[in-house]
Amino acid sequence: MNRSSVTGRFAPSPTGPLHLGSLVAAVGSWLFARREGGRWLVRMEDLDTPRVIPGSADEILGALRRYGLEWDGEVDYQSTRTALYEDALATLRARGLAYDCACSRAELQRAASAPLGAEPVYPGFCRAGLPPGRTPRAVRFRAPEGAIVFDDRVHGRIEEDVAARTGDFVIKRADGLFAYQLAVVVDDAEQDVTQVVRGGDLLTSTARQIALQRALSLPTPSYAHLPLVTNPDGSKLGKRDGALPLPTLDDDRVRATLVQALRILGYEDAESLEEALREK
Ligand code: GLU
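Residues numbered from 1 in each chain as written. Predicted model: local features only at pLDDT ≥ 70, side-chain atom pairs only at ≥ 80, totals over all residues. Heavy atoms only, no water.

## Looking at a negative patch on the surface
Side chains of Glu-268, Asp-269, Glu-274, Glu-275 and Glu-279 sit close together on the surface and give a patch of like negative charge. Looking at the element boundaries, Asp-269 is found in the loop between α8 (251-264) and α9 (273-279). (Patch = residues over 30% accessible without salt bridge, like charges linked within 9 Å, V, L, I, M, F, W, Y side chains within 5 Å. Areas by Shrake-Rupley, 256 points an atom, 1.4 Å probe, with all protein chains shown as cover. Salt bridge = Lys/Arg side-chain N within 4 Å of Asp/Glu carboxyl O. Lys, Arg positive; Asp, Glu negative; His and termini not counted. Charge placed at Lys NZ, Arg CZ, Asp CG, Glu CD. Helix = DSSP H or I, 4+ residues; strand = E, 2+ residues; numbered from the N terminus.)

Listed below in structure tokens is the structure:
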């Protein structure tokens, strides 16, 4: 039996309970994968340990079950996969595409004309080697020149010049943790993910991820970035807004919240996941 070769995934960060924004990403990625008869994986992005909240991974998994979002295989935890990220870093170093950087955040803010708080374009101070007497802090990826072009399945054609927009970006942080951008690329490839469906806030990360895939000779999956969930006044949903604390959810609330997520995704009449699968 030749099953579909489509593999989708949902990759929550266990930094709090599932909220409406992450439920939309979960439902959206589930529907994209299942609609094509594909597999759907769950990966816990628990790499940023200072931000991880104990118990929240299990809470998220419980919530997914509650919404009827069954996943395939075992849940992978990024915190157990450091050796894979080390290998990727070694490959990038061997190819001359990663280098040590001594710059502190304060130094970069001072050097940048960007408004305070915005992520400044890296000015390349350590690009040609560490200045004498400086100690390495982070590791950066050498951003390729020129635009990265990809077709997003929701937003259409996207062009982004990583070198101009972010410059060489951090792949291993000063605290020794691997950065999200590297880990996500390594994991999506290692898990044979063919379609990435996730929140619209990550659209601006995609070009960086494609640049890393190319540098590591990894395939590029298809991308779909879902509508951002906002507060009724249009402001961005914060960590606590729209949180869906599971124990308080009765069956009616679960159904109503699922329908809300389906409406945000553009399923106008579906009252359940099964109906949504049939609708489109
Ligand atoms: N862990 C990320 C988040 O929760 C999502 C990463 C991804 O889907 O690529 O925002």
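## What to know about the sheet that holds strand β4 (residues 98-101)
Overall, antiparallel pairing links the 3 strands, which are arranged β4-β5-β8 in an open sheet. For this open sheet the edge positions go to β4 and β8 (169-172), each flanked by a neighbour on one side alone. Geometrically, the sheet is characterised by an average inter-axis angle of 45° between neighbouring strands, direction not taken into account. Here β4 pairs with strand β5 (residues 138-141) via 4 bridges, running antiparallel. Each residue of the ladder has a partner; that of Cys-101, found in β5, is Ala-138. (Pairing = 2+ DSSP bridges. Axes fitted to C-alpha atoms, helices over the stretch in contact; angles between N-to-C directions.)

## With respect to the sheet that holds strand β2 (residues 39-44)
Pairing in this open sheet of 3 strands is parallel, and the strands run β1-β2-β3 from one edge to the other. For this open sheet the edge positions go to β1 (7-10) and β3 (76-77), each flanked by a neighbour on one side alone. As judged from the 2 bridges shared by β2 and β3, these two strands associate in the parallel manner. Counted as the bridge partner of Met-44 is Tyr-77 from β3. Contacts from helix α1 (residues 20-35) reach β1 and β2, with the element oriented near 150° to β2. (Contact = heavy atoms within 4.5 Å.)

## Focus on helix α2 (residues 56-66)
Taken residue by residue, α2 has Ser-56, Ala-57, Ile-60, Leu-61, Gly-62, Ala-63 and Leu-64 as its buried positions. Of the surrounding elements, those touching the buried residues of α2 are β1, α1, β2 and β3. Looking one or two places after α2, you find Gly-68, whose phi comes out positive at around 80°. (Buried < 20%, exposed > 50% of the residue type's maximum accessible area, 1.4 Å probe, protein only.)

## With respect to the nonpolar core
Membership of the largest hydrophobic core comes to 38 residues, with the highest contact counts inside it found for Val-27, Trp-40, Leu-64 and Leu-69. Mapped onto this core, the elements with two or more residues apiece are α1, β2, α2, β10 (222-226), α8 and α9. A per-element tally of this core places α1 first, with 10 residues. Among residues more than four places away in sequence, those in contact with Val-27 are Leu-69, Leu-258, Ala-261, Leu-262, Leu-265 and Leu-273. Counting 33 residues, the second-largest nonpolar core is a separate cluster that includes Ile-158, Leu-182, Ala-183 and Ala-207. (Core = buried A, V, L, I, M, F, W, Y, C linked by side-chain atoms within 4.5 Å.)

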